[in-house]
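Listed below, chain by chain, are the residues.
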Amino acid sequence: MSQQAVNGVPCRGKVLTLDNMNPNVRRVEYAVRGVIVQRALQIEKELKEGVKKPFTEVIKANIGDAHAMGQKPITFLRQVLALCSYPDLLEDNKFPEDAKQRARRILQACGGHSIGAYSASQGIECIRQDVARYIEKRDGGISSNPDNIYLSTGASDAIVTMLKLLVCGEGRDRTGVMISIPQYPLYSAALADLAAVQISYYLDEDKCWSLDVAELKRAINAARQHCNPRVLCIINPGNPTGQVQSRQCIEDVIRFAKEEHLFLMADEVYQDNVYAEGCKFHSFKKVLFEMGAEYSSTVEMASFHSTSKCYMGECGFRGGYMEVINMDPEVKAQLTKLVSVRLCPPVPGQALLDLVVNPPQPDEPSYNTFMKERTAVLAALSEKAGLTEKIFNTVPGIICNPVQGAMYTFPRITLPQKAIDKAKEEGLVPDMFYCMRLLEEEGICLVPGSGFGQREGTFHFRMTILPPTEKLKIVLQKIRDYHMRFTQEFS
Amino acid sequence: MSVLQEISPNVRNMIQLESTVLAIRARQIKEELRQKVRKPYKEVIDVSWGDPHRAGVKPLSFVRQVLSACLYPQLLNSDTLPVDVRQRAQTLLAGCDAGSVGSYTAAAGISEIVCRVSEFITRRDGGVPSYPEHIFISPGSQWALTSILNVLVNSEASPRTGVLTPVPCYSTATLSIMGLGADIVPYYLSEEQGWELQVEELHRALDSAKGACNPVALYVINPGNPTGHVQSRKSMQEVIRLVAEKRLFLLADEVYQDCVYGENSEFVSYKRVLAEMGPPLSDTVELASFHSASKGIMGECGLRGGYVELVNLDPAVMKYIYKLFSTYSCAPVLGQIALDLMMNPPQPGDPSYPLYSEETQHIRSTLAHNVKRVFEVVNSLPCFCCQPVEGGAFAFPRLHLPHKAIEKAKEMGMQPDMFYCVRLLEDAGVLVSPGQDLGQKEDTYHIRFCIMTSEDTMEEALRRLSSFQTQFMKVFS
C-alpha cells in the first residue's frame, strides 16, 4: 500500500483504491447517464441559480423517459395502483369498478394483502400466470408456461441476471457474447462487469440498420479464435437505431443461433412501439415455434419485456419480466437460485405489469378512456418519429434512417476534419465534442454515438423522440441550425 | 445437447437453501388446504421471512395515503386525504421529473430525498455530518450491498478475495458474497453471551484465512440477523480498531436500527461511534452503512427502498461506484418515497400525527410483547432455549435435539434442524427456517422465525410450536 508522510508522520493510503478494486468495474461505462448528462444536470443547477445562458431550460433528450418529457400516465393504471397502495379507497365511488376488481385481485395475491410484503423471488404467481396468458394471446396461441416467467426489476435486471448465469470459462474458453453495434450500453456495461468477451456485429446503416447473417458469421468466426461464443443478443425494435427487423431476418437469426449453438437473448421492450408503414413486430418466440419442432424444441432463448416503454412509459416503477424457453431444468434451478438473492422485484412494478397484460376489456367501464389514452400516446410517437426523420434529412450533413420503432433516432452526422482535429486537441471523441457544444449553446442534451458503438470513422448521436410535438419541432430546428453553424465554423 | 451445460461457477457454488424446499412444500400444503384436505390446522403460518406485512402487521396509513396521492394526483383535488398528506405528496411530486413517479430519477436517487436522507443521518448521529454525494438509494439494501461487494471483490484474484461474515448470518448476504466469487471467512458469534461479537474471534478468523484467501472486508449486522443482538459501543470500538489495524473495509448492515426492544439496548450507528473516536480513525476507516424501508415499523419490504452511505472512500473509487449504480437506472420511485417518509414522519401538530402515533405505538408495543412472549414460551419448553431478542426481526432459538431425532434425520438424509422444520410444517402448519441455512457451530441446531408479526399471529405460532415441541420430544426421547 502506498504510504505518504504528512508533517513527517507516516500515514497509510486508502484501503479500497483504484489498484485493488474490482478491475472489471473500472471498465464499466454507461453513456446514457454519462459525462454529458452530468454536465446537463450541472447546467440545470446553474439555471436555477439564475446564471444567464442562451436558453432557459435544458432539454434532456438523452434518456428514454417518456413521462419526464411530458407524456401523461395512463389513468387506469394509476387508479389501480392507488387502490392497491391504500385499500381504503376501495370504498371511494370515484374509482371505477373494473379498477377496484383488479386491485382486489392483486392484493389477494400479496402476503398479508399488502403490496409491502415480499413476493416470491420469481414474482407473484397469479401475475406470472397472467403474463403467460398475455404471451399466448400475443403469439397466436403458442403455449407459455408461467414457471418459465421471471418477473424482474425492469428488463435490465433480467438481462444482467441471464448474463451472470451464462458467463464462465477461462482464457480462450471465456464466454463470448454477441451484441449489435450500435447497442444499448447496458449490454456492454454488463459484459465489462462480468469480464465476458464482447463480440460486436455491425448493423447495416445503409439498409435501415438491418441485420445481415453474413455479418453475424463474420463476427463469430473471428471471435472463435479467442473466446467461446455462446450468447447472441438482439434488440428488436432496436435501441438506439429504431429498426424493426423483418420476419425473414428473425428466422435467419434463429437459424444462425441453432447452427452455432448460441443462447438467444431477445430484448423486446419496445414491442408496442412500431410506427413505420409495412413494419410489424414479430416476437422471436412466435417465429421460433412457427419454424417447426426442429427449432422450437431445441433453440434456447430468453425474451425480455418491460413496463418502462411502449405506451405506459412507467420507468420509475422498475417493472419487467423475462420468459425462458427450452432451458435445461437443472440450469433453470440455478437461475431460480440466483434470482432469490435479489429477494423480489418491486411489488408495485409487478402489479403494474399485471395491468399491462390485463388491460380493460371492451365491456368494462374503463375501456374507452384507456384505449383513447393508449392510442393517443402511440399516435403521437408515430407522428414524432416521422417528423424527426423528415426534418433531419433536410439538413446537409445529417442522414437519418427512418425511425421504424422504439423511441430514438440515431442519425449520422458528417463532421469537418477541422472539428475532428479540434476534438482530439481537447481530448474528446469527435461526436462527444459535437454534443457537448450543442449542450452549452442550445441546452439540448443528446448522447454521442460513441456511447453506443458505431463503425470506425463515422459519427452519430442518439436523440429521443419524446418531447411534445411542438417542442420537438423547435429542438429539431435548433439542431439543424446548430449543425449548419458548426459545419460553417469548422470548414 | 443443451448449450447451457456450462454456467457461471460462482452461481453453481451458491448453496442451495433448504428453506426453498420448505417453501415449496408450504405452497403445496396451502393448495391442499384449499382443496379441503384434512389437517390439524386451517392455515399455514409463514414466519420464515422478515416480512411484517405478511405476518399480519398493518401498513402505516400516512405512508399509504401519501403513496396513493403520488400515484394518482387527482386525489390532491379533493378532501379524501388529510391536508398534510396532500402537502407531502405535492412536495414529493415536485421532486419527480414532470411530477410523475413514472419518470426515471437521478441514479443515486431523487436529489431532494437524498438530501433529506443525509439530514436524517446527521440528526440520528447527534450532528455528525453526512454528505448527500456519498449516499446512494437502491432497490432495497441487498442491492446496494451486492454492488459495494462487487467493487471490493476481484473474482480473478489469486488468492481469492475473502469477506469476514458472522455465523449465523441470514442467507441472502452469504449467497451474494458467494455469487460474486468471493470466499466467506466465518467468525462465530457467542451464543452463550447473547450472540455477542468477540474481537478475539475476529482475530482467530483472520488467522485462519492466512494462506487461504485475502480478506478485504468485515461484514457486521447490527442489530443482528438472525441473532437479534444489539452491539455495545465498546464492541463496536473494538471492531473499528481492528479494521483500521488490519486494513479492512467495514460493511455495516444496520437495517434493523429501528427495531430495538431490549431495555438495556440502544442502537448507535457505526458512523457515530467512528466519529466519536476522533482522528485518525474517524478520517480513515472506510465504511459502508446500509439501511432500508423494509424493516422497522413501516415494514415496506415489497417497495424495495434502501440506501448505502459511504464514509471515507477514495473519491476516484466513488466515481466508479456512481457509474455502477447508473447502469441500473435508478431505484423504484415508490421505494425512494417510502425511505423519505420513514425518515420524515408526521410531527406533533400535523393532522396525521395522532393516527400515526397510535399506529406506531401499537406496532412497537406488539413487538415488545412478542419478544417477551417468545423468550418466556421458548425457554419454558423442553430442549429449547432462546437468547434474549434485543432487536431485529427474528428469534433464533437453539434446539437440543435428542439422539433419536438426530438419527432419524440422518436416516432421511436431512440435517437434524431441517428434519425438525419439515415436521413442524407438516404437523403444525408453521413455516420457519432451519439453522443450517444461516450457519451455526457444528452439532448445534437452531430454527429462525420472525417476531415482527401481529400479536394474534405470534400467539398462535407459539401455541402451535409449544404443543409440537412437547410432542416431538415425547416421540424422540
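As the structure is a prediction and not an experimental result, all values here were calculated from the model. (Residues numbered from 1 in each chain as written. Chains lettered and ligands numbered in written order. Predicted model: local features only at pLDDT ≥ 70, side-chain atom pairs only at ≥ 80, totals over all residues. Heavy atoms only, no water.)

### As for the domain arrangement of chain A
All names here are of chain A. Selection rule: The source of the domain bounds is an automatic or database domain assignment. Buried area: the accessible area, evaluated with a 1.4 Å probe, that two parts lose upon being put together, summed over both parts. Whenever a carboxyl oxygen of Asp or Glu lies within 4 Å of a side-chain nitrogen of Lys or Arg, that contact is scored as a salt bridge. Pairs of N or O atoms within 3.5 Å make up the polar contacts considered here, provided that, within protein, one atom can donate a hydrogen while the other can accept it, and that residues adjacent in sequence are counted only when both atoms are side-chain atoms. Labels follow the DSSP assignment, with helices taken as runs of H or I lasting at least four residues and strands as runs of E lasting at least two, numbered in each case from the N terminus. Gly is put with the polar residues, along with every residue not named as nonpolar or charged; the nonpolar set is Ala, Val, Leu, Ile, Met, Phe, Trp, Tyr, Cys and Pro, and the charged set is Asp, Glu, Lys and Arg.
Assigned domains within chain A: domain 1 (23–70 + 370–489) and domain 2 (102–357). In total, about 3,100 Å² of surface goes out of reach between domain 1 and domain 2, with carbon and sulfur atoms giving 56% of it. If you sort the residues of domain 1 by the area they bury against domain 2, Asn401, Gln404 and Phe452 come out on top, with a joint share of 20%. In this structure, the connection of domain 1 to domain 2 is made through two salt bridges. With a closest N to O distance of 3.8 Å, Asp272 and Arg374 form a salt bridge. At the junction of domain 1 with domain 2, the criterion picks out 18 residue pairs in polar contact (both at pLDDT 80 or more). Sorting the residues of the side of domain 1 that touches domain 2 by element identifies helix H1 (23–26), helix H14 (367–392), strand E12 (408–409) and strand E16 (459–464) as the ones contributing at least two each. The biggest single contributor to the side of domain 1 that touches domain 2 is H14, with seven residues. When grouped by side-chain class, the residues that make up the side of domain 1 that touches domain 2 number 19 nonpolar, 12 polar and seven charged.

### Let's talk about the pairing of strand E3 (residues 161–167) of chain B
Residue and element names in this part refer to chain B. For clarity, the cut-off: Relative accessibility decides the category of a residue: with a 1.4 Å probe and only protein chains considered, values under 20% of the type maximum give buried, values over 50% give exposed, and everything between is partly exposed. Should DSSP find at least two bridges between two strands, the strands are regarded as paired. Clockwise travel from the first strand over the helix to the second, with the strands pointing away from the viewer, marks a crossover as right-handed.
Where burial is concerned, most of E3 is hidden: seven out of the seven residues are buried. Burial along E3 is two-sided: the face carrying Thr161, Val163, Thr165 and Val167 and the face carrying Gly162, Leu164 and Pro166 are both buried. Bridge count between E3 and strand E5 (residues 214–221): four bridges; the pairing is parallel. Bridge pairing links Gly162 to Pro215 in E5. One ladder, built from six bridges, connects E3 with strand E4 (residues 183–188); its direction is parallel. Each bridged residue has a counterpart across the sheet, and for Val167 the counterpart in E4 is Tyr188. For the crossover from E3 across helix H7 (residues 171–179) to E4, the handedness is right-handed.

### A word on the confidence of the model for chain B
In regions of low pLDDT, the predicted coordinates are not meant to be interpreted in detail. For the record, the criterion: Each residue carries a pLDDT score, the predictor's confidence in it, ranging from 0 to 100.
The pLDDT averaged across chain B works out to 96; a share of 99% of its residues lies at or above 70. Scoring of the predicted complex yields 0.96 for pTM and 0.96 for ipTM.

### Structural notes on the sheet that holds strand E10 (residues 319–325) of chain A
All names here are of chain A. To keep things clear, this is the line we draw: Throughout, an axis means a line fitted to C-alpha atoms (over the contacting stretch in the case of helices), and angles, computed between N-to-C directions, take values from 0 to 180 degrees. The contact rule is simple, with two residues in contact once any of their heavy atoms fall within 4.5 Å.
Overall, mixed pairing links the seven strands, which are arranged E4-E10-E9-E8-E7-E5-E6 in an open sheet. At either margin of the open sheet sits one strand with a lone partner, and together these are strand E4 (149–153) and strand E6 (197–202). Geometrically, the sheet is characterised by an average inter-axis angle of 25° between neighbouring strands, direction not taken into account. The pairing of strand E9 (residues 301–306) with E10 spans six bridges and is classified as antiparallel. Bridge assignment links Ser306 to a residue of E10, and that residue is Gly320. Relative to E6, helix H8 (residues 213–223) is tilted by about 155°, and along the sheet it contacts strand E5 (175–181), E6 and strand E7 (228–235).

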